[in-house]
Amino acid sequence: MALASKLFTLFVKTPTARPDGRPFTASEKLSAEYAPRILRRRQLTDRISTALPALRFLSIAASLVWLILLPTNFLGQDTYIDENALQPGGVAAHYGGGDVHRADVFARIIREGFSGNWSSSDRAAWVENEFSQLGYNTGIQNYTYTLLPSASTPSLSGKVAYAHLAAPRSSASETILLHAPWSSLLGEDALQYAQESWNLAEDGHGGMANVRGVAMLLSLAGYLKKYSLWAKDLLFVISDGQSEGLSAFLAAYHAEVPPNLNTTRLSFLPKNNIWTSFSLSYPSDSFSHLGLFYEGPNAHLPNADMLSSLTHIARYTGGIPSAVRGVRPELRSDWALPGWVPPWAKEMINAREVKEYELAARTLAENIAFGAVGMASGVHGPSHLYRIDALTLHAIPAPGPHGFLTLGRTLESYLRTFNNLLERLHSSVFFYLLAGPYRLLKVGHYLPVAVLGGVAATLGGIQGWVERAKRSGGRALGSAVGAIVLGWAVWGGVWETLRRNGVEAALLPALSILALPLVLALLPRPIRPRQPPSLSPLILLSLGLSASLLSLLNFPFALALALLSLPFHLPPPSALPLRALAAAVYLALLSPAGWAAALRIWGGEAALERVVGAAVREWEVNGNWVVGAWVVGWGGVVWAQAVNVALG
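Residue numbering note: each chain is counted from 1, following its sequence as written. Residue-level local features of this predicted model are given only where pLDDT is at least 70; pairs of side-chain atoms are given and counted only at 80 or more, and the full residue set underlies all totals for whole chains, interfaces and linings. Only hydrogens and water are removed before side-chain values are computed, so all heavy atoms of the structure are retained for them.

**A look at the side chain of R325**
To be explicit about the condition: The numbering of helices and of strands both runs from the N terminus, where a helix is a DSSP run of H or I of at least 4 residues and a strand a run of E of at least 2. Think of a polar contact as two N or O atoms within 3.5 Å of one another; within protein, one of them needs to be a possible hydrogen donor and the other a possible acceptor, and neighboring residues in sequence only count if both atoms come from side chains. By definition, residues are in contact when any of their heavy atoms lie within 4.5 Å.
Within the secondary structure, R325 is located in the loop between β11 (322-324) and α9 (343-349). A distance of 2.7 Å separates the side chain of R325 from the backbone oxygen of T363, its partner in a polar contact. Leaving out residues up to four positions away in the same chain, R325 has contacts with G291, L292, F293, Y294, E295, T363, E366, N367, F370, S377 and I396.

Written out as C-alpha cells, the structure reads:
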C-alpha cells in the first residue's frame, strides 16, 4: 500500500496550495495540475524510447533462439490420445488372406488397364460395377473445372466413382469418407530412383498410378460390407487426378458448387455430416513406412488425435513404422570428415543427439514450408475446406516388409476406432507441429517464435515513429499510407494479370514496377520526390501486427513474414549508389518478382510456368489465399520499402 501511495503521489497527485499555505489562483491551479503531469509523461516517454532499441534487439534474439530450440527435446512432448472414446488398437482385426487375394486380383486388373491405356470412363465404369456387385448404392460423377489461362491446364475434367453404405445399426447422422485417387503422390521423377521390385505403373498424366491404393479400397469395401457393427455411414470415393476429383465430389455433396465447376448431381441425397476422411496412396507392391501427409490448404490441420491414433494403431496392430510425409525416422550415417577436424568436433558432429536434432529440424522445416505457401501436402486437402478432419496415408515404396495384409488390418482398426465417436473431435489440439511421428509441439511451444518476431517489428515501427516525430515535428501519415496502398494496388493488378493472362502478359508490368524504385534512386535531388517521413515505421508496424495476428491462424506464414522482415530493421544507406543498390537487393531477394526471376534463371521458363500454374490452380480449386497474400500483400510492402530506401 505504501508503494502504491508513493506512485500515486509521484504520477497522479498534484499540489493544491503553495508551500506557505496560501491557495492557488485559478490559472495557477491549472498550471499546477497539468504541467507536472505533462512533464512526468514526457520523462516516461523518453525512458521508454531510450529502451526501445534494446527491447527490439532482445525480441529478435529471443525469437531466433526459440526457433533454434524447436527441434530439441526441451520443447514438445510425446504424442497422446485425448479423446477417451477412441480407444485405438482395442479391437481384433480380421482382415485376412482371402481379402489380400481379392486385393491382388484388383491390383492386377488395374495394372493391366493402365498398360492398355484405360480411359477415364472405362475406369469409372469398372469401379462402379465392382461396387454394385458388393451391394453398394453407387454412381459416377462427371466434373469439369474451368481454370484461367495461367493455370497449368485450362480445364480439369474427370470422373468420380463412389459408393455409399448406410449404417446398419442406426440411422446415423455422421459419415466416414475413404478416398483413393487414380494418381498417387509419386511424380514422374520416381522412375529415376525406383527399384524394379516396386513394380510401378504410370498414370498417363506425368505421375505414378495408385494401383494398390485403389485395389486396397475395393478390397476393404468388400470386407467391411460383411459386418453390421458400423454406427457411421461409409463413403468410398475413387477419383481421377489427385485432389481435384475429391474437391468436385465434396462440392456436390455439400451443395456448394463454385462458379468454375460444372458437375453432375450425386445419385443419392446426402444427409450426413462427414466427420473424418482419409485418402490412400499406395503405388508399389510393398512398402516400409506409412507416411502421414496432414497439412491442408492455408495451413489447416486435422485434430491431433487422428494422427496419434493412426501412429498408435500402425505401430501396435500392423507393426508399421510411421513417417511424417516422406521423412523416414532414420538417423543419418556418420559423416566422413577431413583429418584436420579435431576429434572432439568429429564426435560432436556425429553424436546421436545432433542427428536427432537434424531429423526433427528437417521434419519441422517441411511442415513450415507447406503452411507458409498454403498448399496441402496430400490429396486430402479439399476436405479441410468443409471442416472435415482429414489426412493422406502414403505407403512409402520399398522392397518390404509390408503389404496388403498389414495395411488392411491397420485400416480396419483405424475405421473401427473412429466408429466409436459419439461427437465430432473437439478435444486434443488443432494447433500443433510434428517434430516426428511420435513427437508433438503444442501451440504454446512454438507460437512465441512468430509473436516475438512480430513484437520486434512493432517496436521498430514505434521507435522509428518517435524518432521521425522528433526530427520533423510531424508524421505525414497520409503520404506513407498512400505509398503502401499504392504498392498493394499495383501488385494486385500484376496478380490479376498473371492469373487471367499468364506469365508473358504480366512480365512487362512487373518489370516496370521493379524499375521504378531504381529510377527514383538515380534522380537528381532537386527533382526527386520527397520521402514520406513515416513510411519506414508504418511498414514495420504493419508487418509486426500482421505477423502477431496471423500467428495463430497460420503460424508458418506468420513465421516466414517475421523472418523475411528482419532486413527491414536495417537503416537505409545515405549515399546515392548504395541507395540504388539496396533498393535493387530488396526487390531481387525479397519480392515475389525477384523469386520468379530467380526461378526463371535457374529452372527455365517451363519451371516458372509450372509453379505459376500450380499456384493459380491452388487458388482456383482449393481456395488457397496464402498465394495471393504473398504476391499482393508482401509484394506491395517490399515495393514500398524499396521506394523508401531509394528516396533516402
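Next comes the rest of the account.
**A closer look at the packing of helix α8 (residues 304-316) against helix α11 (residues 404-419)**
Basically, it comes down to this: For helices, the axis comes from a line fit to the C-alpha atoms of the stretch in contact; other axes are also lines fit to C-alpha atoms, and the angle between any two N-to-C directions lies between 0 and 180 degrees. Orientation categories follow fixed angle ranges, with anything under 35 degrees roughly parallel, anything over 145 roughly antiparallel, 65 to 115 roughly perpendicular, and all other angles oblique. Left-handed describes a crossing whose near helix is turned anticlockwise from the far helix by less than a right angle; the clockwise case is right-handed. Following the grouping adopted for this structure description, the nonpolar residues are Ala, Val, Leu, Ile, Met, Phe, Trp, Tyr, Cys and Pro, the charged ones are Asp, Glu, Lys and Arg, and the polar ones are all others, Gly among them.
Look at α8 against α11: their axes get within 9 Å of each other, and the N-to-C directions meet at 140°. When the axes of α8 and α11 are compared, the pair comes out oblique. Read as a crossing pair, α8 and α11 show a hand that is right-handed. Here α8 contributes D305, M306, S309, L310, I313 and A314 to the contact with α11, which in turn contributes T410, S413, Y414, T417 and F418. Split by residue class, the contact of α8 with α11 holds six nonpolar, four polar and one charged.

**Some thoughts on empty space enclosed by the protein**
Threshold: Grid points spaced at 1 Å over the protein atoms alone were grouped into cavities, where a 1.4 Å probe fits but cannot get out, and pockets, open sets with protein on both sides within 12 Å along at least five of seven lines, with lining residues defined by an atom within 4 Å of a point. Grid points are joined across faces, edges and corners, and a volume is the space filled by probe spheres set on the points.
Under the definition given, this model contains three cavities of 30 Å³ or more. As a volume, the largest cavity reaches approximately 50 Å³. Considering the residues around the largest cavity, the lining is formed by I60, S63, L64, G453, A562, L563 and L566. Secondary-structure elements contributing two or more residues to the lining of the largest cavity are α2 (26-69) and α16 (555-564).

**Some remarks on α8**
The α-helix advances 3.6 residues per turn, and as a result positions three or four apart in sequence lie on the same side. Note the cut-off: For a helix, the expected span equals 1.5 Å multiplied by the residue count minus one. For every residue, the accessible area (1.4 Å probe, protein chains only) is compared with the maximum for its type, and the residue is labelled buried under 20%, exposed over 50%, or partly exposed between those bounds.
Counted at 1.5 Å a residue, the expected span for α8 with its 13 residues is 18 Å, and the 18 Å between its end C-alpha atoms agrees. For α8, the set of buried residues is A304, D305, M306, L307, S308, S309, L310, T311, I313 and A314. Those residues of α8 that are buried are in contact with β9 (273-281), β10 (287-293), β11, β12 (389-397), α11 and β13 (432-436). For α8, the capping residue at the N-terminal end is N303, with a side-chain oxygen 2.9 Å from the backbone nitrogen of D305.

**Considerations on the sheet that holds β11**
For clarity, the cut-off: Any two strands between which DSSP finds at least two bridges are classified as paired.
A sheet is described by the order of its strands in space; here nine strands give the open sequence β8-β2-β3-β7-β4-β9-β12-β10-β11, paired in mixed fashion. Of all the strands in the sheet, the pair left with one neighbour each is β8 (261-263) and β11. Adjacent strand axes in the sheet meet at a mean angle of 25° when their direction is disregarded. Together, β4 (174-181), β7 (233-239) and β9 form the strand contacts of helix α6 (residues 211-224), whose direction differs from that of β7 by roughly 155°.

**As for the sheet that holds β13**
Taken in spatial order, the three strands line up as β1-β14-β13 in an open sheet, and their pairing is antiparallel. Looking at the sheet topology across the chains shown, the edges are occupied by β1 (77-78) and β13. As defined by bridge partners, β1 adjoins strand β14 (residues 439-442) across two bridges and the pair is classed as antiparallel. Looking at β14, one finds that Q77 is bridged to L440.

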